[in-house]
Amino acid sequence: MTNAIKKAVFPVAGLGTRFLPATKAMPKEMLTIVDRPVIQLAVDEARAAGIDHFIFVTGRNKGVIEDHFDKQFELEATLRERGKTVELALLDSDLPGAGQTSFTRQQQPLGLGHAVWCARELVGDEPFALLLPDMLVHSRVSCLAQMMPAYRQHGGNVLAVEEVPHEQTHRYGIVGISGSEDNAFPITEMVEKPTPGTAPSNLMISGRYILQPEIFDLLRSQERGSGNEIQLTDAMIRLMESQRFTAVRFEGKTYDCGDKIGFLSANIAFALARDDIGAQVREAIKELAGNG
Ligand code: UTP
């Protein structure tokens, strides 16, 4: 029997330097994909996987994320007065329930591993999901939901993985796997940003994790690694000595929204897939490309 995953952690304390000046006063997680902030899409994905507690690890300038997941009485009153029922219903359905959100601060951006460690008291002694909001997944079924069957079957830790071109493996955490079990494979090796030519495969850790709480003890003592940051992958490598890690190849595509091209591509992909504006966007792109 595995414990159901009810809590998800969203680290949103990074500096977003690749998106300056947009991220000078605004967190990159509030950048929009058409009309939804990146962080809202990550929360939507988690809710679709049965998560009912949302833990945000924030930093300076991130108060707007807390506001985004709160009721806006003035705005709602005005919408009500104007009879904007569709917009009102949308705001209501996006909002987690009372008491379903928690916020903590990473006081210094020391790395993803450190951000996750900051959530230890809020997660407690239970397995949890971790979603990197800027690694946005476009898929028919929530990526985290696609990982749940492997978790129920194998327990332990589960990571979503996705193929990347071999020449790009040095930009990501990469796993080595053995055998084949449908879309889930035992992980045999893990390395953060391997030097070119040394990666064990071209499967990147795409930003969705199910982790056991023992990761927190390892993160407490984790030394700085790649980029002089406390790396989650380094702590997971140590956890692999005592616990199973399973890789899940999911249906869908990940866009790195912390990167300009990734962000623009995500906007186009999500816009094209929308019933309300998809056809118009296709026409607009054709026109722009034709005139290019
Ligand atoms: P990134 O490395 O993509 O974020 O971290 P970054 O550091 O903000 O980006 P650049 O490179 O400066 O443009 C992946 C995720 O981990 C969070 C980020 O907010 C992002 O969601 N993170 C990263 C933290 O919460 N704290 C950190 O110290 C580092």
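As shown above, the structure is provided for reference.
Residues numbered from 1 in each chain as written. Predicted model: local features only at pLDDT ≥ 70, side-chain atom pairs only at ≥ 80, totals over all residues. Heavy atoms only, no water.

Draft legend 1. Just the layout of surface pockets, in detail. Taken as a whole, the largest pocket holds about 950 Å³ of empty space. In this structure, the largest pocket is lined by 35 residues; those nearest its centre are Arg18, Leu112, Asp134, Lys193 and Glu229. Element by element, the count of residues in the lining of the largest pocket is highest for strand β11 (residues 203–211), at 3 residues. Of the residues assigned to the lining of the largest pocket, the class counts are 15 nonpolar, 11 polar and 9 charged. (1 Å grid on protein atoms, 1.4 Å probe; cavity = no way out; pocket = protein on both sides within 12 Å on 5 of 7 lines; lining within 4 Å. Points joined across faces, edges and corners; volume = space filled by probe spheres on them. Helix = DSSP H or I, 4+ residues; strand = E, 2+ residues; numbered from the N terminus. Nonpolar A, V, L, I, M, F, W, Y, C, P; charged D, E, K, R; others polar.)

Draft legend 2. Quick look at the state of the cysteines. Overall, the coordinates contain 0 disulfides when judged by the stated rule. Cys257 provides the cysteine sulfur closest to Cys143, a residue in no disulfide bond, and the two sulfurs are 14 Å apart. We classify Cys257 as buried; its relative accessible area is 2%. (Disulfide = S-S within 2.5 Å. Buried < 20%, exposed > 50% of the residue type's maximum accessible area, 1.4 Å probe, protein only.)

Draft legend 3. Highlighting the site of the ligand. What surrounds the ligand is a group of 18 residues, the closest being Gly16, Thr17, Arg18, Gln106 and Gly111. Taken by itself the ligand offers 580 Å² of open surface, and the protein chains cover 85% of this. According to the grid-proximity analysis, the pocket containing the ligand is the largest pocket. When grouped by side-chain class, the residues that make up the shell around the ligand number 9 nonpolar, 5 polar and 4 charged. (Near = heavy atom within 4 Å. Areas by Shrake-Rupley, 256 points an atom, 1.4 Å probe, with all protein chains shown as cover. Sits in = over half its atoms within 2 Å of the grid points.)

Draft legend 4. Expanded view of the packing of helix α10 (residues 260–272) against helix α11 (residues 278–290). α11 packs onto α10 with a crossing angle of 130° between their chain directions and a minimal axis gap of 7 Å. When the axis of α10 is compared with that of α11, the two are oblique. Within the contact between the two elements, α10 uses Ile268, Ala271 and Leu272 and α11 uses Gly278, Val281, Arg282 and Ile285. Within the contact of α10 with α11, the residues separate by chemical class into 5 nonpolar, 1 polar and 1 charged. (Axes fitted to C-alpha atoms, helices over the stretch in contact; angles between N-to-C directions. Parallel < 35°, antiparallel > 145°, perpendicular 65-115°, else oblique. Contact = heavy atoms within 4.5 Å.)

Draft legend 5. Structural context of the packing of helix α3 (residues 73–81) against helix α4 (residues 85–94). Remark: α3 packs on α4, axes separated minimally by 8 Å, with the N-to-C direction vectors making an angle of 150°. What the angle tells us is that α3 and α4 run roughly antiparallel. Crossing of α3 against α4: the hand is left-handed. Residues Leu75, Glu76, Leu79 and Arg80 of α3 pack against Glu87, Leu88 and Leu91 of α4. Its residues placed into classes, the contact of α3 with α4 shows 4 nonpolar, no polar and 3 charged. (Left-handed = near helix turned anticlockwise from the far one by under 90°.)

Structural measurements only, silent on function.
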